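# Structural characterization, general
Residue-level listing of the chains:
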Amino acid sequence: MLPFSVVLLLLCATRLPTASVALPFEQKDLLDFGKSINVEGLMKLLMMNDEEEGSAVEEYYEPEYSKPEQPTCPFGCQCNQNVVQCSDLGLHYVPYDIPPETRLLDLQSNQITEIREDDFKGLSNLYALVLVNNKISRVHPRAFMPLKRMHKLYFSHNQLTAVPKNLPSSLVELRIHDNHIKRVASGAFSGLGSMNCIEMGRNPIQNSGFEPGAFDGLKLTFLRISEAKLTGIPKDLPEGLHELHLDHNQIQAIELEDLRQYESLHRLGLGYNHIRHIEHGSLYYLQNLRELHLENNRIPNVPGGLAGMKYLQVVYLHSNNISQVDVNDFCPNGFGVKKTYYNGISLFDNPINYWEVVPATFRCVSNRMAVQFGNHKK
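If you're wondering where the values come from, they're calculated on a predicted model, not measured in any experiment.

Parameters at a glance
Residues numbered from 1 in each chain as written. Predicted model: local features only at pLDDT ≥ 70, side-chain atom pairs only at ≥ 80, totals over all residues. Heavy atoms only, no water. Helix = DSSP H or I, 4+ residues; strand = E, 2+ residues; numbered from the N terminus. Buried < 20%, exposed > 50% of the residue type's maximum accessible area, 1.4 Å probe, protein only. Contact = heavy atoms within 4.5 Å. Phe/Tyr/Trp six-rings, centres within 6.5 Å; stacked < 30°, edge-to-face > 60°. Disulfide = S-S within 2.5 Å. UniProt positions renumbered as here; feature names shortened; annotations may be inferred. Core = buried A, V, L, I, M, F, W, Y, C linked by side-chain atoms within 4.5 Å. Domains from an automatic or database assignment.

## Notes on the environment of N328
Its location among the elements puts N328 in the loop between β18 (314-316) and β19 (344-346). Accessibility expressed as a relative area gives 36% for N328, which makes it partly exposed. In this structure, the C-alpha to C-alpha distance between N328 and V358, residues 30 residues apart in sequence, is 9.9 Å. Beyond its immediate sequence surroundings of up to four residues, N328 is in contact with A307, N333 and R363.

## Some words on the packing of aromatic side chains
With the rule as written, the count across this model stands at 10 aromatic pairs. When the centroid spacing of 5.6 Å and the interplanar angle of 35 degrees are considered together, the rings of F210 and F215 count as tilted. Of the two residues, F210 and F215, neither departs from the other in class, the shared state being buried. What links up through ring pairs into an aromatic cluster is the set F330, Y342, Y354, W355, F362 and F373.

## Re the state of the cysteines
In protein structure, a disulfide is the covalent linkage between the sulfur atoms of two cysteines. By the definition in use, this model includes three disulfides. Between C73 and C79 runs a disulfide, and the two sulfur atoms are separated by 2.0 Å. Between C73 and C79 the disulfide shows an S-S torsion of about 85 degrees. By sign, it is right-handed. By relative accessible area, which is 32% here, C73 ends up partly exposed. Each disulfide pairs two cysteine sulfurs, and for C77 the partner residue is C86, the sulfurs being separated by 2.1 Å. Disulfide C77-C86: the torsion about the S-S bond is 115 degrees, which places it as right-handed. On the basis of relative accessible area, C86 is assigned to the buried category, the value being 0%. Numbered by order of appearance in the sequence, the disulfide-linked cysteines of the protein chain pair as 1-3, 2-4, 5-6.

## Side note on the UniProt feature "domain: LRRNT" (unreviewed entry) in the protein chain
UniProt annotation of "domain: LRRNT" (unreviewed entry) refers to residues 72-104 when read in the numbering used here. Taken end to end, residues 72-104 has its terminal C-alpha atoms 15 Å apart, with 0% of it in helix and 21% in strand.

## Here we look at the nonpolar core
L129, L153, L306, F330 and Y342 are the most contacted members of the largest nonpolar core, which totals 85 residues. Two domains each donate at least three residues to this core, and these are domain 1 (70-203) and domain 2 (230-377). Here L129 is in contact with L105, L107, F120, F144, L147, M150, K152, L153 and Y154, once residues within four sequence places are set aside. Judged by nonpolar contacts, the second largest core, of seven residues, contains L104, A128, V132 and Y154.

What follows is the structure, encoded as C-alpha coordinates:
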(Lines give C-alpha, C1' and ligand atoms only; values in the text may rest on other atoms or scores of the structure.)
Protein backbone atom coordinates (compact mmCIF):
# COMPACT_ATOMS: atom_id res chain seq x y z
CA MET A 1 0.00 0.00 0.00
CA LEU A 2 1.37 3.39 -1.03
CA PRO A 3 1.80 5.98 1.73
CA PHE A 4 -0.97 8.54 2.10
CA SER A 5 -0.44 11.98 3.62
CA VAL A 6 -3.43 13.70 5.12
CA VAL A 7 -4.37 15.85 8.10
CA LEU A 8 -6.93 14.32 10.41
CA LEU A 9 -8.42 16.43 13.19
CA LEU A 10 -10.17 14.35 15.85
CA LEU A 11 -12.94 16.65 16.98
CA CYS A 12 -13.29 15.78 20.63
CA ALA A 13 -13.74 17.57 23.92
CA THR A 14 -10.64 19.28 25.29
CA ARG A 15 -9.42 17.85 28.58
CA LEU A 16 -7.30 19.69 31.08
CA PRO A 17 -3.86 18.06 31.22
CA THR A 18 -2.29 17.26 34.55
CA ALA A 19 0.69 19.27 35.77
CA SER A 20 3.87 18.35 33.91
CA VAL A 21 7.13 19.77 32.66
CA ALA A 22 6.50 22.14 29.76
CA LEU A 23 7.42 20.88 26.32
CA PRO A 24 7.46 22.70 22.97
CA PHE A 25 3.92 23.26 21.80
CA GLU A 26 2.50 20.53 19.62
CA GLN A 27 -1.09 20.33 18.48
CA LYS A 28 -2.02 17.00 19.99
CA ASP A 29 -5.13 16.42 17.88
CA LEU A 30 -3.60 17.40 14.55
CA LEU A 31 -1.34 15.29 12.34
CA ASP A 32 1.02 17.22 10.07
CA PHE A 33 0.66 17.04 6.30
CA GLY A 34 4.29 15.94 6.15
CA LYS A 35 3.54 12.73 8.00
CA SER A 36 2.35 9.64 6.12
CA ILE A 37 -0.18 7.04 7.14
CA ASN A 38 -1.56 4.25 5.04
CA VAL A 39 -5.09 4.21 3.73
CA GLU A 40 -6.11 1.28 5.91
CA GLY A 41 -5.02 3.14 9.04
CA LEU A 42 -6.92 6.27 7.99
CA MET A 43 -9.99 4.25 7.15
CA LYS A 44 -9.97 2.64 10.59
CA LEU A 45 -9.86 6.09 12.21
CA LEU A 46 -12.67 7.31 9.99
CA MET A 47 -14.80 4.29 10.76
CA MET A 48 -14.14 4.71 14.48
CA ASN A 49 -15.29 8.30 14.17
CA ASP A 50 -18.36 7.13 12.25
CA GLU A 51 -19.26 4.69 15.01
CA GLU A 52 -18.88 7.37 17.69
CA GLU A 53 -21.29 9.57 15.74
CA GLY A 54 -23.64 6.64 15.19
CA SER A 55 -23.42 6.88 11.41
CA ALA A 56 -21.12 4.05 10.36
CA VAL A 57 -23.59 1.30 11.12
CA GLU A 58 -26.95 2.94 11.71
CA GLU A 59 -27.01 5.31 8.74
CA TYR A 60 -24.93 3.52 6.16
CA TYR A 61 -27.05 2.28 3.27
CA GLU A 62 -26.56 0.54 -0.04
CA PRO A 63 -26.87 2.86 -3.06
CA GLU A 64 -30.00 2.46 -5.15
CA TYR A 65 -28.55 0.76 -8.18
CA SER A 66 -27.92 -2.73 -9.43
CA LYS A 67 -24.44 -3.90 -8.63
CA PRO A 68 -22.41 -5.16 -11.57
CA GLU A 69 -21.23 -8.70 -11.46
CA GLN A 70 -17.60 -7.59 -11.46
CA PRO A 71 -16.51 -4.75 -9.17
CA THR A 72 -15.16 -1.67 -10.95
CA CYS A 73 -11.93 0.18 -10.22
CA PRO A 74 -10.43 3.05 -12.22
CA PHE A 75 -7.43 2.05 -14.32
CA GLY A 76 -4.18 2.27 -12.38
CA CYS A 77 -5.91 2.83 -9.03
CA GLN A 78 -6.07 0.52 -6.04
CA CYS A 79 -9.50 -0.34 -4.66
CA ASN A 80 -9.93 -2.15 -1.39
CA GLN A 81 -12.61 -2.12 1.32
CA ASN A 82 -14.43 0.96 -0.02
CA VAL A 83 -11.13 2.83 -0.31
CA VAL A 84 -10.06 4.02 -3.76
CA GLN A 85 -6.46 5.21 -3.98
CA CYS A 86 -5.45 7.04 -7.15
CA SER A 87 -2.55 9.13 -5.89
CA ASP A 88 0.64 9.89 -7.83
CA LEU A 89 -0.68 8.67 -11.19
CA GLY A 90 -0.27 11.87 -13.22
CA LEU A 91 -4.04 12.13 -13.65
CA HIS A 92 -5.41 15.26 -15.35
CA TYR A 93 -9.04 14.57 -14.46
CA VAL A 94 -11.00 12.69 -11.82
CA PRO A 95 -11.20 9.14 -13.22
CA TYR A 96 -14.36 7.33 -14.29
CA ASP A 97 -15.65 4.03 -12.87
CA ILE A 98 -15.22 4.95 -9.21
CA PRO A 99 -17.25 2.36 -7.24
CA PRO A 100 -20.48 3.91 -5.88
CA GLU A 101 -19.85 2.42 -2.42
CA THR A 102 -16.53 4.29 -2.07
CA ARG A 103 -16.03 5.84 1.36
CA LEU A 104 -12.53 7.29 0.96
CA LEU A 105 -11.26 8.65 -2.35
CA ASP A 106 -7.58 9.59 -2.58
CA LEU A 107 -6.64 11.73 -5.59
CA GLN A 108 -3.69 13.57 -4.12
CA SER A 109 -0.46 14.43 -5.94
CA ASN A 110 -1.78 14.36 -9.50
CA GLN A 111 -2.09 16.96 -12.26
CA ILE A 112 -5.81 17.62 -11.95
CA THR A 113 -6.66 21.20 -12.98
CA GLU A 114 -10.44 21.30 -12.59
CA ILE A 115 -13.34 19.53 -10.93
CA ARG A 116 -16.18 18.94 -13.40
CA GLU A 117 -19.90 18.78 -12.72
CA ASP A 118 -20.27 14.98 -12.90
CA ASP A 119 -16.91 13.96 -11.44
CA PHE A 120 -18.48 12.64 -8.24
CA LYS A 121 -21.85 11.56 -9.60
CA GLY A 122 -23.23 8.54 -7.74
CA LEU A 123 -20.76 8.76 -4.83
CA SER A 124 -23.43 9.43 -2.23
CA ASN A 125 -21.64 7.36 0.44
CA LEU A 126 -18.30 9.19 0.21
CA TYR A 127 -16.98 10.15 3.64
CA ALA A 128 -13.57 11.68 2.84
CA LEU A 129 -12.21 13.21 -0.35
CA VAL A 130 -8.50 13.99 -0.75
CA LEU A 131 -7.50 16.40 -3.53
CA VAL A 132 -4.28 17.64 -1.94
CA ASN A 133 -1.34 18.70 -4.13
CA ASN A 134 -2.94 19.08 -7.52
CA LYS A 135 -3.31 22.13 -9.79
CA ILE A 136 -7.01 22.71 -9.32
CA SER A 137 -8.14 26.24 -10.07
CA ARG A 138 -11.74 25.62 -11.22
CA VAL A 139 -14.55 23.81 -9.42
CA HIS A 140 -17.97 23.46 -11.01
CA PRO A 141 -20.61 24.93 -8.68
CA ARG A 142 -22.58 21.67 -8.75
CA ALA A 143 -19.64 19.29 -8.45
CA PHE A 144 -20.20 18.45 -4.77
CA MET A 145 -24.00 18.16 -4.93
CA PRO A 146 -24.01 14.30 -4.99
CA LEU A 147 -21.83 14.05 -1.86
CA LYS A 148 -24.64 14.05 0.69
CA ARG A 149 -22.65 12.28 3.40
CA MET A 150 -19.15 13.68 3.00
CA HIS A 151 -17.54 14.80 6.25
CA LYS A 152 -13.96 15.59 5.29
CA LEU A 153 -12.63 17.54 2.31
CA TYR A 154 -8.87 18.01 1.88
CA PHE A 155 -8.24 20.62 -0.82
CA SER A 156 -4.88 22.04 0.22
CA HIS A 157 -1.90 22.80 -2.03
CA ASN A 158 -3.89 23.74 -5.11
CA GLN A 159 -4.61 26.92 -7.06
CA LEU A 160 -8.04 27.87 -5.78
CA THR A 161 -8.85 31.58 -5.79
CA ALA A 162 -12.12 31.24 -3.86
CA VAL A 163 -13.86 28.89 -1.45
CA PRO A 164 -15.70 26.28 -3.59
CA LYS A 165 -19.45 26.84 -3.84
CA ASN A 166 -22.23 24.55 -2.66
CA LEU A 167 -20.17 22.45 -0.29
CA PRO A 168 -22.10 19.53 1.24
CA SER A 169 -24.12 20.47 4.33
CA SER A 170 -22.76 17.32 6.02
CA LEU A 171 -19.18 18.63 5.88
CA VAL A 172 -17.35 18.65 9.23
CA GLU A 173 -13.75 19.38 8.25
CA LEU A 174 -12.39 21.56 5.42
CA ARG A 175 -8.71 22.00 4.58
CA ILE A 176 -8.02 24.64 1.91
CA HIS A 177 -4.66 26.01 3.02
CA ASP A 178 -1.87 26.81 0.61
CA ASN A 179 -4.06 28.05 -2.24
CA HIS A 180 -4.45 31.48 -3.89
CA ILE A 181 -7.52 32.66 -2.00
CA LYS A 182 -7.57 36.44 -1.48
CA ARG A 183 -11.22 36.95 -0.64
CA VAL A 184 -13.90 35.09 1.32
CA ALA A 185 -17.30 36.25 0.17
CA SER A 186 -20.28 36.86 2.41
CA GLY A 187 -22.11 33.58 2.94
CA ALA A 188 -19.22 31.53 1.58
CA PHE A 189 -19.91 28.87 4.24
CA SER A 190 -23.70 29.18 4.37
CA GLY A 191 -25.58 25.99 5.08
CA LEU A 192 -22.57 24.34 6.75
CA GLY A 193 -23.98 24.07 10.25
CA SER A 194 -22.11 20.82 10.93
CA MET A 195 -18.69 22.28 10.14
CA ASN A 196 -16.27 21.96 13.02
CA CYS A 197 -12.83 22.69 11.56
CA ILE A 198 -11.47 24.98 8.84
CA GLU A 199 -7.79 25.17 7.94
CA MET A 200 -7.14 28.02 5.49
CA GLY A 201 -3.63 29.23 6.21
CA ARG A 202 -1.01 30.03 3.57
CA ASN A 203 -3.46 31.99 1.46
CA PRO A 204 -2.60 35.59 0.48
CA ILE A 205 -5.63 36.99 2.28
CA GLN A 206 -5.69 40.32 4.10
CA ASN A 207 -8.17 41.52 6.71
CA SER A 208 -10.12 43.33 4.01
CA GLY A 209 -10.47 40.03 2.16
CA PHE A 210 -13.10 38.79 4.63
CA GLU A 211 -16.41 40.27 3.57
CA PRO A 212 -19.00 40.99 6.31
CA GLY A 213 -20.88 37.77 6.96
CA ALA A 214 -18.13 35.54 5.58
CA PHE A 215 -18.41 33.15 8.55
CA ASP A 216 -22.14 33.52 9.19
CA GLY A 217 -23.87 30.30 10.24
CA LEU A 218 -20.71 28.45 11.24
CA LYS A 219 -20.29 26.75 14.62
CA LEU A 220 -16.57 26.08 14.37
CA THR A 221 -14.38 24.92 17.22
CA PHE A 222 -11.11 25.07 15.21
CA LEU A 223 -9.91 27.78 12.81
CA ARG A 224 -6.44 28.35 11.42
CA ILE A 225 -5.53 31.35 9.25
CA SER A 226 -1.77 31.22 9.72
CA GLU A 227 0.86 32.40 7.25
CA ALA A 228 -1.49 34.84 5.54
CA LYS A 229 -1.29 38.64 5.27
CA LEU A 230 -3.36 39.66 8.28
CA THR A 231 -2.43 42.90 10.05
CA GLY A 232 -5.01 42.51 12.82
CA ILE A 233 -7.31 39.91 14.37
CA PRO A 234 -10.19 39.39 11.89
CA LYS A 235 -13.64 40.59 12.91
CA ASP A 236 -16.74 38.44 13.39
CA LEU A 237 -15.17 35.00 13.46
CA PRO A 238 -17.39 32.19 14.85
CA GLU A 239 -18.05 32.85 18.54
CA GLY A 240 -17.81 29.24 19.74
CA LEU A 241 -14.18 28.71 18.74
CA HIS A 242 -12.03 26.56 21.03
CA GLU A 243 -8.87 27.05 18.98
CA LEU A 244 -7.84 30.06 16.91
CA HIS A 245 -4.45 30.03 15.18
CA LEU A 246 -3.25 33.27 13.56
CA ASP A 247 0.49 32.61 13.74
CA HIS A 248 2.98 33.87 11.13
CA ASN A 249 1.02 36.93 10.05
CA GLN A 250 1.71 40.67 10.29
CA ILE A 251 -0.54 41.47 13.25
CA GLN A 252 0.75 44.56 15.04
CA ALA A 253 -1.53 44.99 18.06
CA ILE A 254 -4.32 43.43 20.11
CA GLU A 255 -7.05 45.98 20.74
CA LEU A 256 -9.58 45.94 23.58
CA GLU A 257 -12.49 44.58 21.53
CA ASP A 258 -10.55 42.15 19.33
CA LEU A 259 -11.20 39.06 21.49
CA ARG A 260 -14.39 40.07 23.27
CA GLN A 261 -16.64 37.49 21.59
CA TYR A 262 -14.33 34.48 21.93
CA GLU A 263 -14.98 33.49 25.53
CA SER A 264 -14.84 29.77 24.70
CA LEU A 265 -11.24 29.82 23.45
CA HIS A 266 -8.92 27.18 24.91
CA ARG A 267 -5.93 27.82 22.63
CA LEU A 268 -4.92 31.10 21.00
CA GLY A 269 -1.98 31.22 18.63
CA LEU A 270 -0.50 34.64 17.82
CA GLY A 271 3.16 33.72 17.59
CA TYR A 272 5.49 35.02 14.88
CA ASN A 273 3.67 38.29 14.27
CA HIS A 274 4.71 41.95 14.70
CA ILE A 275 2.78 42.61 17.91
CA ARG A 276 4.14 45.58 19.86
CA HIS A 277 1.08 46.54 21.89
CA ILE A 278 -1.53 44.55 23.81
CA GLU A 279 -4.19 46.90 25.15
CA HIS A 280 -4.85 46.50 28.86
CA GLY A 281 -7.95 44.38 29.42
CA SER A 282 -7.99 42.83 25.95
CA LEU A 283 -7.26 39.36 27.37
CA TYR A 284 -9.85 39.68 30.13
CA TYR A 285 -12.55 37.95 28.10
CA LEU A 286 -10.55 34.74 27.65
CA GLN A 287 -11.39 33.18 30.99
CA ASN A 288 -11.38 29.63 29.61
CA LEU A 289 -8.00 29.91 27.91
CA ARG A 290 -5.52 27.07 28.51
CA GLU A 291 -2.70 27.97 26.11
CA LEU A 292 -1.52 31.36 24.87
CA HIS A 293 1.15 31.71 22.20
CA LEU A 294 2.76 35.13 21.75
CA GLU A 295 6.32 34.06 20.98
CA ASN A 296 8.47 35.82 18.39
CA ASN A 297 6.78 39.19 18.54
CA ARG A 298 7.96 42.62 19.77
CA ILE A 299 6.08 42.75 23.07
CA PRO A 300 7.83 45.00 25.65
CA ASN A 301 6.23 43.55 28.81
CA VAL A 302 4.24 40.62 30.17
CA PRO A 303 0.64 41.16 29.00
CA GLY A 304 -1.76 42.30 31.70
CA GLY A 305 -4.50 39.99 32.87
CA LEU A 306 -2.65 36.66 32.87
CA ALA A 307 -2.88 36.35 36.66
CA GLY A 308 -6.66 36.44 36.46
CA MET A 309 -6.96 33.51 34.05
CA LYS A 310 -7.98 30.60 36.26
CA TYR A 311 -7.27 27.82 33.76
CA LEU A 312 -4.25 29.16 31.89
CA GLN A 313 -1.49 26.53 31.86
CA VAL A 314 0.92 27.35 29.02
CA VAL A 315 2.23 30.81 28.06
CA TYR A 316 4.79 31.28 25.30
CA LEU A 317 6.45 34.70 25.51
CA HIS A 318 9.94 33.87 24.30
CA SER A 319 11.75 35.93 21.66
CA ASN A 320 10.15 39.26 22.53
CA ASN A 321 11.44 42.52 24.04
CA ILE A 322 10.38 41.85 27.64
CA SER A 323 12.91 43.32 30.08
CA GLN A 324 11.09 43.00 33.39
CA VAL A 325 8.88 40.45 35.15
CA ASP A 326 6.84 41.60 38.16
CA VAL A 327 5.84 39.40 41.07
CA ASN A 328 2.12 39.41 40.15
CA ASP A 329 2.41 39.11 36.38
CA PHE A 330 1.43 35.43 36.27
CA CYS A 331 -0.10 34.43 39.60
CA PRO A 332 -3.05 35.88 41.53
CA ASN A 333 -2.74 37.07 45.12
CA GLY A 334 -5.61 35.10 46.61
CA PHE A 335 -5.42 31.41 47.53
CA GLY A 336 -7.60 29.12 45.44
CA VAL A 337 -8.24 31.73 42.74
CA LYS A 338 -6.28 29.84 40.12
CA LYS A 339 -7.79 26.43 39.32
CA THR A 340 -4.78 24.89 37.56
CA TYR A 341 -1.02 25.29 37.88
CA TYR A 342 1.10 26.45 34.97
CA ASN A 343 2.79 23.63 33.08
CA GLY A 344 4.99 25.96 31.08
CA ILE A 345 6.08 29.60 30.90
CA SER A 346 8.67 30.38 28.25
CA LEU A 347 10.57 33.66 28.64
CA PHE A 348 13.89 32.82 27.01
CA ASP A 349 15.40 35.11 24.39
CA ASN A 350 14.17 38.24 26.18
CA PRO A 351 16.41 40.94 27.72
CA ILE A 352 15.49 39.86 31.27
CA ASN A 353 17.95 39.76 34.16
CA TYR A 354 16.52 36.54 35.46
CA TRP A 355 18.43 36.78 38.74
CA GLU A 356 16.37 39.88 39.54
CA VAL A 357 13.05 38.02 39.23
CA VAL A 358 11.49 37.32 42.64
CA PRO A 359 10.96 33.55 43.19
CA ALA A 360 7.39 34.19 44.35
CA THR A 361 6.60 35.32 40.81
CA PHE A 362 6.14 31.66 39.91
CA ARG A 363 4.29 30.50 43.02
CA CYS A 364 1.50 28.99 40.87
CA VAL A 365 3.81 26.99 38.59
CA SER A 366 3.87 23.19 38.79
CA ASN A 367 7.67 22.98 39.19
CA ARG A 368 10.76 25.09 38.60
CA MET A 369 11.62 23.34 35.33
CA ALA A 370 8.39 24.63 33.81
CA VAL A 371 9.86 28.16 33.60
CA GLN A 372 12.35 28.78 30.80
CA PHE A 373 14.78 31.73 30.91
CA GLY A 374 18.05 32.71 29.28
CA ASN A 375 19.69 32.55 25.85
CA HIS A 376 19.11 36.18 24.94
CA LYS A 377 21.35 37.53 22.20
CA LYS A 378 21.72 41.29 22.06
